[in-house]
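Given next are the chains, with one letter for each unit.
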Amino acid sequence: MRLLVVVAMLAGAIVSAQACAGKLETFSARRPLIYNPFSVVDARTRLGITIRNTGTEACSYRLTIPDSYFPLLFENIAFTIDARDVTAATSGALSITTPSVPAGQTHYLRLRVSALRGQPALSSTLTKRVGFVLTEAGRSLPLDQSELDLHCVIPPVFEINVAGSGLRATLEIDDLKLRSKAVVLQTRSTQSHQLQIRAENGFLVREGHLPGAATTIPYEVSIDGVSRQLEKNAVWRVDGPAGEASRRLNVTIGDTVNKLAGLYKEVITVHIDSKL
């Protein structure tokens, strides 16, 4: 009689253990992670996972990313996956516990994929395969598991500004004191780039006067140790590598003998674009 009681208890325990079942039903990503390494904010995108209770009783689940998928990297860009309802973490792996899900019903997990700003990156499209394992909360036996390819897009980025001045700077040169002045151009790009330097006139023109022998002053521009006399309607192209750099643009005026006294002006425009 005692033997029959023990067998009945074991059978009951087996049925109870199998009653909690679940499935990773759908994955949904709103868009790839768009990553600009020079942005002032971190890159983020959303990921949704639907869990269906395929068992016969209410069940609470745990979703994890196994250690074998770490570190989470799009090549050299580190990223994280998290959710606001994170309740626990196992060593090195994300762990999210759901509330109790009724039998036959679903629970939608809202996850966030994030990458910190400032990580060096070249323009490209990158992919990282990440695995997810579903278990009953408090247990380790997998109920379901699946893999998902996450994508990261680093777009072509070409940015330039004048250090301390934004997008515009004025150089005031006094021929009786210092005949040369410089600005520092700060460039940021995810591809090899080209600086396109243009002059409005090709010489400084006395304010309020038409160009003439006594009302124009020649000048020379140099960058990275290379000098050039700019010409009107011509473009001086200077190559540069991908990444972040500071480049000194120097303007030196020429002979001012026999020139009318006054204020002379010129506009130099520097544009950054792809070298390709």
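Look above for the structure.
Figured I'd write up the structure that's included with this text. Nothing here was measured: the structure is a model prediction, and the numbers come from that model. (Residues numbered from 1 in each chain as written. Predicted model: local features only at pLDDT ≥ 70, side-chain atom pairs only at ≥ 80, totals over all residues. Heavy atoms only, no water.)

**As for the overall build of the protein chain**
Put simply, the rule reads: Numbering of helices and strands starts at the N terminus; helices are DSSP runs of H or I of at least 4 residues and strands are runs of E of at least 2. Only protein chains enter the accessibility calculation, which uses a 1.4 Å probe; a residue whose area is less than 20% of its type maximum is buried, one above 50% is exposed, and one in between is partly exposed. We call two residues in contact whenever any of their non-hydrogen atoms come within 4.5 Å of each other. Using a 1.4 Å probe, the Shrake-Rupley method yields the accessible areas, and only the shown protein chains count as cover for residues.
Helix and strand counts for the protein chain stand at 1 helix and 23 strands. Counting the 276 residues in the protein chain, one finds 36% classified as buried. The long-range fraction of contacts in the protein chain, counting pairs at least 24 apart against all pairs at least 6 apart in sequence, stands at 77%. Split by element, the accessible area of the protein chain, about 16100 Å² in all, is 54% carbon and sulfur.

**Regarding the state of the cysteines**
Defined as follows: Any pair of cysteine sulfurs within 2.5 Å is marked as a disulfide.
Within the structure shown, the criterion is met by 1 disulfide. In this model cysteine 20 forms its disulfide with cysteine 59; the gap between the sulfur atoms is 1.7 Å. Note on the cysteine 20 and cysteine 59 pair: the S-S dihedral is about -55°, so by sign convention the disulfide is left-handed. In this pair, cysteine 20 sits in the loop between helix H1 (2-19) and strand E1 (22-29) while cysteine 59 sits in the loop between strand E3 (43-53) and strand E4 (61-64), placing the two residues 39 residues apart along the sequence. Just as cysteine 20 is buried, cysteine 59 falls in that class too.

**Topic: unusual backbone geometry**
A cis amide bond links phenylalanine 70 to the next residue, proline 71, at an omega of 0°. You can see proline 71 is positioned in the loop between E4 and strand E5 (73-74). Backbone geometry places glutamate 75, a non-glycine residue, at a positive phi of 60°. Relative to the elements of secondary structure, glutamate 75 occurs in the loop between E5 and strand E6 (77-78). You can call glutamate 75 exposed: its relative accessible area is 62%. The phi dihedral of asparagine 233 falls on the positive side, at around 65°, and the residue is not glycine. Here asparagine 233 is to be found in the loop between strand E19 (226-228) and strand E20 (235-240).

**Notes on the sheet that holds strand E10 (residues 106-115)**
Condition: In this analysis, strands are considered paired if DSSP registers two or more bridges between them. The axes used here are C-alpha line fits, helices contributing only the stretch in contact, and every angle between their N-to-C directions lies in the interval 0 to 180 degrees.
Strand order in this open sheet of 4 strands is E1-E3-E10-E7, and the pairing throughout is antiparallel. Of all strands in the sheet, those bounded by a partner on one side alone are E1 and strand E7 (80-82). If you compare each strand with its neighbour and ignore which way they point, the axes differ by 25° on average. Note that E7 and E10 share 3 bridges and pair antiparallel. For isoleucine 81, the partnering residue across the bridge sits in E10 and is valine 113.

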